[in-house]
Amino acid sequence: MSIDLTLERIGQLANQFSYTRPTIHVAGTNGKGSVTSILTSILRASGLKIGRLNSPHLVSIYDCITINDEPVTPELYHSCRAQVERADRECNSGASNFELLTVTAFVVFEKANVDIAVIEVGMGGRLDATNILPDRCILVSALTSVDLDHQAFLGDTVDLIAQEKAAIARSGKPFVLGPQKRSSVTSTVEGVVLRHGGVVIPGIPVHPWAVETGPSPFSLSARPFVPPPGQPIEFTSDAFGSPIRAILPLHGAHQLDNLSIALTVISTLLTHPSCSTLFSRNHFHAVTMDSVRTGIEKTAWPGRLSFHTLPRPITPGSTRDPLLVLVDGAHNSASAQALATYISHVTTLTQPCVRMLHITYILALSHSPPKTPLETLSPLLSLYGITSSPVAVSVGVLRFTPPEGMPWVKSVAPSILRETVVGLAPHTHVWAVQDNAPLDGQLHQALEWAELQALRCQSEGREHVVVLAGSLYLVADFYRLIERLAASTFAP
């Protein structure tokens, strides 16, 4: 089944259920998940019961619907899903899998009686299934960074894509507009929001501040591994009496923009008149400077610049040190550039202690024309096309496991990825699976190969790190693999 963006099917289905939860609705190209996770963490730290919908799921279908950051239980999910599927048959709406999932999340949040639902747009905005949300339930809408992605469905320019995403705006309701790389996006979005009768709220800047903590303990070779320190931030708004300072655990400079959006949403909840009817006085008093600070510092969002060490060697009998893997769901040019910037930052942190760093990339991409592998991989690999690069690089390319219920999602052929990598970095050693190789076990093979690179570096006294990226579906494969490795490690 292909993607057919429309609100007709889900409108018919959603009308069979009552949805009353106060809701924060978040659209954008990059950063939606990070913003929703920060919001959830802050509101939870304020004592509220929070439901959240993100898509696609990471490891299983249950983790895209959470209540207080815990995946929905299989019992609750299947009970609500059965109700939705029965209603779909009775009203003959013919809803798609994502539409069924969206309405299931609405039913879950109603049954769980959440105080606030935080809902991420699936694709675009205007015709996305989540945009069936009733106007009366919307507290705040928000837009993260907009860039090229899903052009086949949303338009072939950033401004056209921005129009689609901004169309989640609601009459009389605040619309938080996050920082944008292109000024035309800002003016385009402002025009769309005003036409919808919404109120544009510019994101309040978040500033880094210096913390005197002495030398950073960060080292790629530390045993046990110590991740890079979090980002000290400062935020000032009229909602609070004085600046809020906290340590943001999410890595990457782009996360300051995402934090800006989340904190502006929180500030808007406390100050905008339209929120007072849904955001009760008890909720208002629950959100304090301390709860905001605590929520920021407890934020977790797996698969986005996340460091992991494998629980045991992939190769039986291996004597290597624990394999260090930096995991990131970078899937387009903008997110790949953010990953490249962070890798450059990490490389700087390791100097001058590290004589030589070797990065082993493990990459898989979704086939999503007109987006090309060259566009996505250029930010990551173009610097390694010169022989004088201080970082040695090897690249493994493979396919990922197709996500359940999304048969249209397909991997780019490894042979095409290999050709792209060689074109960008001709001196790089490339490992690739065959295009027709069975999917099962491909990531395991790639990590076995990465172990060989790590052992070679270990014997030569060089630092080594694996960077696994290119698709969130590959990240999901990685998390499923480390779950199996952990289970086998501790099995009797």
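For every chain, the first residue of its written sequence is number 1, and the numbers climb from 1 along that sequence. In keeping with the model being predicted, local features are shown solely for residues with a pLDDT of at least 70 and side-chain atom pairs are shown and tallied solely at 80 or more, while totals for entire chains, interfaces and linings include all residues. Think of the side-chain values as coming from all heavy atoms in the structure, minus any hydrogens and water.

*Asks:* How should I be thinking about the overall build of the protein in this particular structure?
*Replies:* What the protein contains, in helices and strands, is 15 helices and 17 strands. Of all 492 residues assigned to the protein, the portion counted as buried reaches 55%. Any two residues having at least one pair of non-hydrogen atoms within 4.5 Å are treated as being in contact. For the protein, the share of sequence-separated contacts (at least 6 apart) that also reach a separation of at least 24 residues comes to 76%. Values of accessible area rely on a 1.4 Å probe in the Shrake-Rupley scheme; residue burial ignores everything except the protein chains shown. Of the roughly 20,400 Å² that the protein leaves accessible, carbon and sulfur atoms contribute 54%. Strands are runs of DSSP state E lasting at least 2 residues, helices are runs of H or I lasting at least 4, and numbering of each runs from the N terminus. For every residue, the accessible area obtained with a 1.4 Å probe (protein chains only) is divided by the maximum for its type, and the residue is called buried under 20%, exposed over 50%, and partly exposed between those limits.

*Asks:* Sorry, what's going on with the packing of helix α6 (residues 158-166) against helix α7 (residues 183-195) here?
*Replies:* For any two helices packed against each other, one specifies the crossing angle of their axes together with the interaxial distance. Between the N-to-C directions of two axes lies an angle of 0 to 180 degrees, each axis being a line fitted to C-alpha atoms and, for a helix, fitted only over the stretch in contact. Interaxial distance between α6 and α7 falls to 9 Å at its minimum, and their mutual angle equals 35°. Where α6 crosses over α7, the handedness of that crossing is right-handed. In contact with Val158, Asp159, Ala162, Gln163 and Ala166 of α6, α7 contributes Ser184, Val185, Thr188, Val189, Val192 and Val193. Partitioning the contact of α6 with α7 into residue classes produces seven nonpolar, three polar and one charged. Whether a crossing is left-handed or right-handed is set by the direction in which the near helix is turned from the far one by less than a right angle, anticlockwise for left-handed and clockwise for right-handed. Under this grouping Gly is polar, as are all residues other than the nonpolar Ala, Val, Leu, Ile, Met, Phe, Trp, Tyr, Cys and Pro and the charged Asp, Glu, Lys and Arg.

*Asks:* What is the right way to look at the sheet that holds strand β14 (residues 357-363) in this model?
*Replies:* The strands that make up a sheet are held in pairs by hydrogen bonds between backbone atoms, and each pair lies either parallel or antiparallel. We treat two strands as partners when DSSP finds at least two bridges between them. Reading across from one edge, β12-β13-β17-β14-β15-β16 is the order of the six strands in this open sheet, with mixed pairing throughout. Sheet topology places β12 (306-309) and β16 (429-432) at the edges, where each strand pairs with a single neighbour. Averaged over all pairs of adjacent strands, the angle between their axes in this sheet comes to 25°, without regard to strand direction. Where β14 meets strand β17 (residues 463-469), seven bridges bridge the pair, whose relative direction is parallel. Looking at β17, one finds that Thr360 is bridged to Val466.

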